[in-house]
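What the coordinates show
Chain by chain, the residues:
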Amino acid sequence: MPNKPETVFYGEIPVRTFAVNGKIKYAARDLCGILGYHAPHDMLNPFVKSKPEYIDAITRGGTQKLRVAERGDIEKVLD
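Residues numbered from 1 in each chain as written. Predicted model: local features only at pLDDT ≥ 70, side-chain atom pairs only at ≥ 80, totals over all residues. Heavy atoms only, no water.

One open sheet accounts for 5 strands, arranged 1-2-3-5-4; its pairing is antiparallel. Sheet topology places strand 1 (6-10) and strand 4 (53-59) at the edges, where each strand pairs with a single neighbour. Mean inter-strand twist for the sheet, computed between neighbouring axes without regard to direction, equals 45 degrees. Pairing analysis gives 7 bridges linking strand 4 to strand 5 (residues 62-70), with the strands arranged antiparallel. (Pairing = 2+ DSSP bridges. Helix = DSSP H or I, 4+ residues; strand = E, 2+ residues; numbered from the N terminus. Axes fitted to C-alpha atoms, helices over the stretch in contact; angles between N-to-C directions.)

Structure follows, in structure tokens:
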């Protein structure tokens, strides 16, 4: 079943979030621009050793697979 995002803002930049099994997950693509990365795998793979997680998300272009990251993964990138 596709997930409908909630949008939070970093300044004026929207970041899609998803509630999955009681955990908040962030659209990795949205965080890339904020952190200066070109793609989610460039941002996460050097720091996060777990298997990449993708969800079916409802977007303006229809349902798409998006890579998501939990807060702890984002903190590893920032450290």
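The next thing to look at is the side chain of Arg67. Mapped onto the elements, Arg67 comes out in strand 5. Although Arg67 lies buried, it forms no salt bridge, and the closest oppositely charged side chain, Asp73, sits 7.0 Å away as judged by the N-O distance. Of note is the side chain of Arg67, whose polar atom sits 3.2 Å from the side chain of Asn45. Setting aside its immediate chain neighbours within four residues, Arg67 contacts Tyr26, Ala27, Ala28, Arg29, Pro40, His41, Leu44, Asn45, Pro52, Glu53 and Tyr54. (Buried < 20%, exposed > 50% of the residue type's maximum accessible area, 1.4 Å probe, protein only. Lys, Arg positive; Asp, Glu negative; His and termini not counted. Salt bridge = Lys/Arg side-chain N within 4 Å of Asp/Glu carboxyl O. Polar contact = N/O pair within 3.5 Å; in protein donor to acceptor, adjacent residues only side chain to side chain. Contact = heavy atoms within 4.5 Å.)

Turning our attention to the pairing of strand 3 (residues 23-27). Here strand 2 (residues 13-20) pairs with strand 3 via 4 bridges, running antiparallel. Paired with Val20 across the two strands is Lys23, which belongs to strand 3. Taking the residues between adjacent antiparallel strands as the criterion, strand 2 and strand 3 are bridged by 2 residues, where Asn21 takes a positive phi near 50 degrees. The pairing of strand 3 with strand 5 spans 3 bridges and is antiparallel. Residue pairing across strands places Lys25 opposite Glu70, the latter belonging to strand 5.

Okay, the environment of Arg29 next. Mapping Arg29 onto the fold places it in helix 1 (residues 28-35). Exposure remark for Arg29: the relative accessible area of 45% places this residue in the partly exposed category. Sequence separation between Arg29 and Thr63 is 34 residues, and the spatial gap between their C-alpha atoms is 15 Å. Setting aside chain neighbours within four positions, we find Arg29 in contact with Arg16, His38, Ala39, Pro40 and Arg67. A distance of 3.1 Å separates a polar side-chain atom of Arg29 from the backbone oxygen of His38.

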